Amino acid sequence: MYPKKKVAPQKESAPKKVLKEEPKKDLEEEAEKSGKTFELLRGFRDILPEDQGRWNLVRDTIRSIAESYSFDRIDLPILERSDLFQRTIGKGTDIVEKEMYVFTDPSNRSVALRPEATASAARAYISHGMLDRPQPVKMWYLGPMFRHDRPQAGRYRQFYQAGFESFGVDEPIVDAQLIVIAHQIFKQLGLDVKVEINSIGTSECRAAYLTELVSYFRAHRSKLSEDDKRRLQKNPLRILDSKEEVTRELLQGAPQILDWLDEKSKEHFMKVLEFLEEVDVPYVLNPYLVRGLDYYTHSVFEFVLADDTGDGSQSALGGGGRYDGLVELLGGRATPACGFALGLERIVRALEAKGVNPPERPQPRVFFAQLGDASRRVGLKLYEEFRQAGIPVAEAFGKNALKGQLEAANKLGVELTLILGQKEVLDGTIIIREMESGAQEIVDVKKVVGLVKKKLELDKTVPFSDTASALILPNS
Ligand code: HAM
């Protein structure tokens, strides 16, 4: 029934490479021992100003695509009641069992830093009565998530996700369009990404499948690692994405979930695949894909780089699926839903590896140099006038000597420097210096914004006036 050629290779069975970015030492622990206690917490990072260009590229692309598909932005709290996640992600999952930042707040309530935002989106959908709005309700979000996992390349304890959630429609076209949206984001960013997809059906057909799966693995129990034995007992579906080599080998002969889907689930899945083919989104069937959260039903999918070697590192750039039971599980009316989330650090890292650079931010073309306090006062006001006129101005308000300020202006490569000394403040004038020629002109300070505007826009056609004072300025 399914095109066998598209079955994904068993990527996790490949020998694991040494993880590149894994911290050699625990900086946090070391710093504490040495008395320097203000190192970053392990698994947390600063996104520095110099990295913001690439981050903005990702964020802006996601925002513009979300808007073009009529998804509305929602901002959800970072802190929620911990049982929201326990109940939805599932008690036997790694996220809930080992990775959640849970603590008791001053009101003695158990709260958690959100490890993901789908549960929060479903909670918001119910608590704001969105069930009564025209369906589907399509929302997107972007923000930090927290999982206390072992940090390694592409895996952090605080990481950013952008998520898309569509509530209220159970048609397979919704699943397909969500995949198309993610595909468009990657395409616009210049990343070649493939979709791995599977169906885990309804909870009923999954229950029948799990009985089969458990009895198959029980027969091989002695070969399993302690972790997988525990999985078999607590959350047997997760054995499908076990990283253990023995388990991966055993999986070759294990029953496959696709053969246990009921007619409706099969039909849903087939339609999703047909839609994807219709719009030429390449996909790979991966019968071992189950995802690490319990709320999924029917389609589950992940996005990985097309040239991903499957070395066992953190390669999924995003993932999602249908979760038709989640809203009801949280006390709402039964509502079908589907969504996905992208991992921003992993996308930024993929862009870096590919050498994709953000567009350069326009550099200021004007520099303001001031000499003394009175000129600083005028300068502050003038700076605002230029900014409001849409002309970004660079400055070095911290420097006093003209020489240093001109050096800074040269370094920035500005075309014009405005020089305001004590004398000019008294006269109500200002000097405009053309950096390339060194020519200078004294102008009325009230007219300087208009003049600079003209010079920058009509550089060649507005020569310096013949009456420009040939001022030779001291070099210091
Ligand atoms: P998830 O697969 O747990 O799904 O996370 C989605 C993406 O977040 C991953 O594919 C990965 O790119 C990124 N990610 C996850 N953990 C980390 C980490 N520790 N460090 C860096 N990046 C990470 C969800 O969270 C679901 N809520 C997705 C969803 C939305 N399903 C339906 N709607």
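Sequence positions are assigned chain by chain, starting from 1 and proceeding in written order. Totals for whole chains, interfaces and linings use every residue, but because this is a predicted model, local features are given only for residues with pLDDT of at least 70 and side-chain atom pairs only at 80 or more, for both listing and counting. Side-chain measures here rest on the full set of heavy atoms in the structure, leaving out hydrogens and waters.

Student: So what exactly am I meant to see when it comes to helix H14 (residues 402–412) here?
Tutor: For an α-helix, 3.6 residues make a turn, and residues three or four places apart therefore share a direction. Burial status follows relative accessibility: with a 1.4 Å probe on protein chains alone, a residue under 20% of its type maximum counts as buried, one over 50% as exposed, and anything between as partly exposed. Numbering of helices and strands runs from the N terminus, with a helix taken as a DSSP run of H or I at least four residues long and a strand as a DSSP run of E at least two residues long. Buried within H14 we find Leu402, Gly404, Gln405, Leu406, Ala408 and Ala409. Any two residues having at least one pair of non-hydrogen atoms within 4.5 Å are treated as being in contact. Of the surrounding elements, those touching the buried residues of H14 are strand E12 (366–370), strand E14 (416–420) and strand E15 (429–434). Directly after H14, the chain includes Gly413, whose backbone phi takes a positive value near 70°.

Student: Explanation requested: the site of the ligand in the structure shown.
Tutor: Taken together, 24 residues sit near the ligand, with Glu116, Thr118, Glu165, Arg291 and Tyr296 positioned nearest. By the criterion applied in these results, polar contacts are pairs of N or O atoms within 3.5 Å in which, for protein atoms, one can donate a hydrogen and the other can accept it, and in which residues neighboring in sequence qualify only through two side-chain atoms. Contact between the ligand and Glu165: a nitrogen atom at 2.8 Å from a side-chain N or O atom of the residue. Contact between the ligand and Gly343: an oxygen atom at 3.4 Å from a main-chain N or O atom of the residue. Residue exposure ignores everything except the shown protein chains as possible cover, and the areas themselves are Shrake-Rupley values with a 1.4 Å probe. Protein contacts shield 95% of the accessible area of the ligand, which totals 660 Å² for the unbound molecule. Those elements that provide at least two residues to the shell around the ligand are strand E6 (158–167), strand E10 (316–322) and strand E11 (337–343). Any residue with a heavy atom lying within 4 Å of a molecule or strand is counted as near it.

Student: How should the sheet that holds strand E4 (residues 110–113) be read in this particular structure?
Tutor: Each strand in a sheet pairs with another by means of backbone hydrogen bonds, the pair being arranged parallel or else antiparallel. Spatially, E2-E4-E3 is the arrangement adopted by the three strands of the open sheet, whose pairing is antiparallel. Here the strands that pair on one side only, and so sit at the sheet edges, are strand E2 (79–81) and strand E3 (101–104). Recorded for the sheet is a direction-independent mean angle of 35° between the axes of neighbouring strands. By the convention used here, strands pair only if DSSP detects at least 2 bridges between them. Bridge analysis of E3 against E4 gives four bridges, and the strand direction is antiparallel. Within E4, the position partnered with Val102 by the bridge is Ala112. Working convention: axes come from line fits to C-alpha atoms, limited for helices to the stretch in contact. Angles between N-to-C directions cover 0 to 180 degrees.

Student: Would you take a moment to explain the sheet that holds E14 for this structure?
Tutor: An order of E13-E12-E14-E15-E16 is seen for the five strands of this open sheet, with the pairing classed as mixed. Where the open sheet ends on each side, the last strands, each with one partner, are strand E13 (393–395) and strand E16 (440–444). On average, adjacent strands in this sheet sit at an angle of 30° to one another, irrespective of strand direction. Here H14 sits on the sheet in contact with E12, E13, E14 and E15, set at roughly 170° to E12.

Student: Help me understand unusual backbone geometry, please; the structure alone is not making it clear to me.
Tutor: The phi torsion of most residues other than glycine is negative, and most of the peptide bonds are trans. The step from Gln135 to Pro136 runs through a cis peptide bond, and the omega angle for that step is 0°. Mapped onto the fold, Pro136 is located in the loop between helix H5 (118–127) and strand E5 (137–146). Unusually for a residue other than glycine, Asp280 sits at a positive phi of about 60°. Examined against the element boundaries, Asp280 turns out to sit in the loop between helix H10 (263–278) and strand E8 (283–285). Taking relative accessible area as the criterion, Asp280 reaches 65% and is therefore assigned exposed.

Student: How should the nonpolar core be read in this particular structure?
Tutor: Among soluble globular proteins, nonpolar side chains are generally buried collectively. The term nonpolar core refers to a set of buried residues drawn from Ala, Val, Leu, Ile, Met, Phe, Trp, Tyr and Cys, joined through side-chain atoms within 4.5 Å. Phe164, Phe167, Ile197, Phe217 and Phe303 are the most contacted members of the largest nonpolar core, which totals 100 residues. Take this core: its biggest share by element is ten residues, from helix H6 (residues 172–189). When near neighbours in sequence (up to four residues on either side) are disregarded, Ile197 contacts Ile179, Phe269, Val272, Leu273, Leu276, Tyr283, Val284, Leu285, Asn286, Leu289, Val300 and Phe301. Core analysis: the next-biggest nonpolar cluster, separate from the first, contains 17 residues, Val366, Val443, Val449 and Leu456 among them.

Student: Looking at this model, I keep getting lost on the side chain of Thr88. Mind explaining?
Tutor: Relative to the helices and strands, Thr88 is located in helix H3 (residues 82–89). Exposure remark for Thr88: the relative accessible area of 1% places this residue in the buried category.

Student: What is the right way to read the pattern of salt bridges from this model?
Tutor: Any two side chains of opposite charge can pair if their charged atoms end up close together. Counted as salt bridges are all cases of a side-chain nitrogen of Lys or Arg within 4 Å of a carboxyl oxygen of Asp or Glu. Scanning the entire structure with this criterion turns up 23 salt bridges. In this structure, the salt-bridge partner of Lys266 is Glu263, at a minimum N-O distance of 3.5 Å. With Lys266 and Glu263 both in helix H10 and three residues apart, the pair spans about one turn of that helix. In the salt-bridge network here, residues are joined through shared partners; they are Asp175, Arg322 and Asp324.

Student: Help me understand the packing of aromatic side chains in this model?
Tutor: We describe a pair of aromatic rings using the distance from one ring centre to the other and the angle between the two ring planes. Classification of ring pairs uses Phe, Tyr and Trp, with its six-membered ring standing for Trp, and accepts pairs whose centres are within 6.5 Å; under 30 degrees between planes counts as stacked, over 60 as edge-to-face, and the remaining range as tilted. Under the criterion given, the structure shown has 16 aromatic pairs. Here the aromatic rings of Phe368 and Phe397 are separated by 6.3 Å at their centres, their planes lie at 75°, and the arrangement is edge-to-face. In this pair, Phe368 sits in strand E12 while Phe397 sits in the loop between E13 and H14, placing the two residues 29 residues apart along the sequence. Taken together, the aromatic side chains of Phe71, Trp140, Phe164, Phe186, Phe301, Phe303 and Phe340 make up a single cluster linked through ring pairs. Counted as over-ring charges are cases with an Arg CZ or a Lys NZ within 6 Å of the ring centre that also lie within 35 degrees of the ring normal. Here the guanidinium or amino end of Arg73 rests over the ring plane of Trp140, the centre of that ring lying 4.9 Å away. The side chain of Arg248 reaches across the aromatic face of Tyr288, ending 5.5 Å from its centre.

Student: Can you help me understand the pairing of E11 in this one?
Tutor: Within a regular strand, the side chains alternate between the two sheet faces. Burial of E11 is extensive: seven of the seven residues sit out of reach of the surface. Side-chain alternation along E11 places Ala337, Gly339, Ala341 and Gly343 on one buried face and Cys338, Phe340 and Leu342 on a second face that is also buried. Here seven bridges tie E6 to E11, and the two strands are oriented antiparallel to one another. Note that in E11 the partner of Phe167 across the bridge is Ala337. In this structure, E10 lies alongside E11, joined through five bridges in antiparallel fashion. Paired with Gly320 across the strands is Phe340, a residue of E11.

Student: What is the right way to look at the environment of Gly318 in this model?
Tutor: Along the chain, Gly318 turns up in strand E10. The sequence separation of Gly318 and Phe303 amounts to 15 residues, and the corresponding C-alpha distance is 5.2 Å. Excluding residues within four positions of it along the chain, Gly318 makes contact with Glu302, Phe303, Ala341, Leu342 and Gly343.

Student: What is the right way to read the confidence of the model for the protein from this model?
Tutor: Predicted coordinates in regions of low pLDDT should not be interpreted in detail. pLDDT is defined as a per-residue confidence score from the predictor, taking values between 0 and 100. Averaged over every residue, the pLDDT of the protein is 88; residues scoring 70 or more account for 87%. With pLDDT under 50 throughout, residues 1–24 is counted as low confidence; its partners more than four residues away or in other chains account for 51 contacts. Contacts for the low-pLDDT stretch residues 458–476, under 50 throughout, to residues beyond four places or in other chains number 27 contacts.

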